[in-house]
Amino acid sequence: MNKNKIKSIEISEEILNALKSGQPIVALESTIISHGMPYPQNLETSNLVEQIIRKENVIPATIAILKGRIKIGLSQVELESFAKNKNLTKVSRRDLPVVISQKQTGGTTVAATMICAKLAGISVFVTGGIGGVHRNSENTLDVSADLIELSKSNVAVVCAGIKSILDIPKTLEYLETLGIPVIGYKTKEFPAFYSAKSGFLAQTRMDNPEEIANCMKVKWNLGLQGGIVVGNPIKKEFSMNEKVIEESISTALKEASYKNITGKEITPFLLEKVSELTNNESLNSNISLLCNNALLGAKISIAFQTQS
Ligand code: PSU
Ligand code: MN
């Protein structure tokens with residue numbers, strides 16, 4: 001790492017030690033804390049997810065930008081003050097240089113977390129849902145920077161698929177165009193976040209973490225740049241009725257259009273609206289799928305480290 005990089009990145013002691021000794025590490029994003037969930041559920045969920053990862057003897061690395069510095073691994077005090085802060089910027093790839101040079105504080109999206117994880121040397125990252133191609137993108141050109149990042153940064157992203165606030169088949173087409181492997185974990189179908197079924201197929205099905213770790217190895221040994229998407233379906237008992245979800249998404253989309261909400265505000269707006277319209281049932285599903293992803297991510301990172 002060069003001197004300038006060291007100036008803007010701060011890796012916690014625990015994670016530095018894990019990196020040195022080759023202990024498995026899982027990266028976690030922070031837009032979900034700053035913009036994806038309300039306080040105090042955001043804090044409780046972050047702690048729960050970290051605990052699940054630790055139970056597997058894997059080190060969790062929550063990533064955020066604090067006062068212009070990339071933090072890899074937040075202390076409990078930092079996490080608490082971050083979760084309570086209502087003035088946080090949503091930081092994607094293009095925001096990183098702005099937020100860092102302006103010494104701001106913000107939550108990293110999937111795209112920005114991948115960049116920071118890679119800089120720190122972490123190869124497995126767990127989130128809830130990735131961004132994608134938005135519905136009506138033929139008019140708005142709204143495609144999440146997460147997809148482009150997946151073609152650049154060598155990090156495997158474990159998610160529960162994508163929400164149907166997005167256009168799932170277009171997102172899958174775009175992932176194919178960008179050369180990004182899309183794996184369904186124990187399923188042929190690409191999951192739709194709140195529900196295990198999207199009606200669209202993943203590229204392939206894999207049934208254990210070792211196969212996934214091996215696929216990561218093979219991709220990167222071939223010099224093929226970019227990440228891998230692992231779609232881990234939500235557990236049956238927490239999955240939501242597709243009709244209920246579709247209705248609330250359609251209401252949320254109408255309201256966004258009426259209120260003229262665009263750009264980086266649209267995803268947080270839709271997430272909050274859907275949660276409100278489903279009486280927080282979607283929030284509970286969100287928490288449960290994150291825990292489910294954390295466990296799988298920890299297992300993949302162990303397998304990846306063992307195969308190294
Ligand atoms: N989708 C979710 N929950 C989230 C996000 C997406 O189901 O919290 C967040 C992630 O941080 C993701 C970001 O990287 O939104 C995508 O935002 P945009 O669509 O503006 O790229
Ligand atoms: Mn967008």
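From a predicted model like this one, the values you see are computed outputs, not experimental measurements.

With that settled, consider the site of ligand 1. Taken together, 13 residues lie around ligand 1, and Glu29, Lys90, Ser144, Asp146 and Lys163 are the ones closest in. Contacts to ligand 1 include Gly129, whose backbone N or O atom sits 3.5 Å from a nitrogen atom. Here Thr267 contributes a side-chain N or O atom positioned 2.8 Å from an oxygen atom of ligand 1. Split by residue class, the shell around ligand 1 holds three nonpolar, six polar and four charged.

In terms of burial, helix 7 (residues 110–120) is largely enclosed, as nine of its eleven residues are buried. Note on helix 7: the residue one or two positions beyond its end, Gly121, has a positive phi of about 95 degrees.

Side-chain direction in a regular strand flips from residue to residue, so the side chains alternate between the two faces of the sheet. Judged from the three bridges that link them, strand 1 (residues 9–11) and strand 4 (residues 69–72) form a sheet pairing that is parallel. Note that in strand 4 the partner of Ile9 across the bridge is Ile70. Sheet topology places strand 3 (residues 59–66) next to strand 4; four bridges connect them, and they run antiparallel. By the bridge assignment for strand 4, Ile63 is matched with Ile72. Hairpin geometry of strand 3 and strand 4 is characterised by an intervening segment of two residues between the two adjacent antiparallel strands and by a positive phi of about 45 degrees at Lys67.

Here we take up the pattern of salt bridges. Inspection of the entire model under this criterion finds 13 salt bridges. Residues Glu149 and Arg93 are paired through a salt bridge, measuring 2.6 Å at the closest nitrogen-oxygen approach. A residue pair is termed long-range when its members are at least 10 positions apart, and Glu149 in helix 9 (residues 145–150) and Arg93 in the loop between strand 5 (89–91) and helix 6 (95–101) qualify at 56 residues. Residue classification places Glu149 among the buried residues on the basis of a relative accessible area of 1%.

In this section: the environment of Phe125. Position of Phe125 among the secondary structure elements: in strand 7 (residues 124–126). With 100 residues separating them along the chain, Phe125 and Ile25 place their C-alpha atoms 8.7 Å apart. When near neighbours in sequence (up to four residues on either side) are disregarded, Phe125 contacts Ala27, Leu28, Glu29, Val110, Thr113, Met114, Val155, Ala156, Val157 and Val158.

In this section: the packing of aromatic side chains. Working definition: an aromatic ring pair is given by the centre-to-centre distance plus the angle between the planes. In total, this model carries two aromatic pairs according to the counting rule given. Between Phe193 and Tyr194 the ring centres are 4.9 Å apart and the planes differ by 85 degrees, which places this aromatic pair in the edge-to-face class. Taking relative accessible area as the criterion, Tyr194 reaches 3% and is therefore assigned buried. Aromatic side chains Trp220 and Phe304 sit 5.8 Å apart centroid to centroid with 85 degrees between the ring planes, which places their arrangement in the edge-to-face category. With Trp220 in helix 11 (residues 209–221) and Phe304 in helix 14 (residues 281–307), this pair connects stretches of sequence that are 84 residues apart.

A separate point is a nonpolar patch on the surface. A contiguous nonpolar patch, built from Val218, Leu222 and Leu224 and spanning about 290 Å² of accessible area, is present on the exposed surface. Along the chain, Leu222 falls in the loop between helix 11 and strand 11 (228–231).

On to the packing of helix 4 (residues 41–55) against helix 14, then. Where helix 4 contacts helix 14, the axes come no closer than 8 Å and their chain directions differ by 25 degrees. The pairing of helix 4 with helix 14 is recorded here as roughly parallel in orientation. In this structure, helix 4 meets helix 14 at a crossing whose hand is right-handed. Listed contacts from helix 14 to Gln41, Thr45, Leu48, Val49, Ile52 and Ile53 of helix 4 are Leu283, Ile287, Leu290, Cys291, Ala294, Leu295 and Ala298. Classifying every residue of the contact of helix 4 with helix 14 by side-chain character gives eleven nonpolar, two polar and no charged.

This brings us to the packing of helix 12 (residues 242–258) against helix 13 (residues 266–277). Packing of helix 12 against helix 13 brings their axes to within 9 Å, and their N-to-C directions diverge by 135 degrees. Judged on the interaxial angle alone, helix 13 and helix 12 are oblique. Crossing geometry of helix 12 relative to helix 13 is assigned as right-handed. Along the contact surface, helix 12 presents Ile245, Ser248, Ile249, Thr251, Ala252, Leu253, Glu255 and Ala256, while helix 13 presents Ile266, Phe269, Leu270, Lys273, Val274 and Leu277. Residue composition of the contact of helix 12 with helix 13, by class: ten nonpolar, two polar and two charged.

Definitions and cut-offs
- Residues numbered from 1 in each chain as written.
- Chains lettered and ligands numbered in written order.
- Predicted model: local features only at pLDDT ≥ 70, side-chain atom pairs only at ≥ 80, totals over all residues.
- Heavy atoms only, no water.
- Near = heavy atom within 4 Å.
- Polar contact = N/O pair within 3.5 Å; in protein donor to acceptor, adjacent residues only side chain to side chain.
- Nonpolar A, V, L, I, M, F, W, Y, C, P; charged D, E, K, R; others polar.
- Buried < 20%, exposed > 50% of the residue type's maximum accessible area, 1.4 Å probe, protein only.
- Helix = DSSP H or I, 4+ residues; strand = E, 2+ residues; numbered from the N terminus.
- Pairing = 2+ DSSP bridges.
- Salt bridge = Lys/Arg side-chain N within 4 Å of Asp/Glu carboxyl O.
- Contact = heavy atoms within 4.5 Å.
- Phe/Tyr/Trp six-rings, centres within 6.5 Å; stacked < 30°, edge-to-face > 60°.
- Patch = residues over 30% accessible without salt bridge, like charges linked within 9 Å, V, L, I, M, F, W, Y side chains within 5 Å.
- Areas by Shrake-Rupley, 256 points an atom, 1.4 Å probe, with all protein chains shown as cover.
- Axes fitted to C-alpha atoms, helices over the stretch in contact; angles between N-to-C directions.
- Parallel < 35°, antiparallel > 145°, perpendicular 65-115°, else oblique.
- Left-handed = near helix turned anticlockwise from the far one by under 90°.

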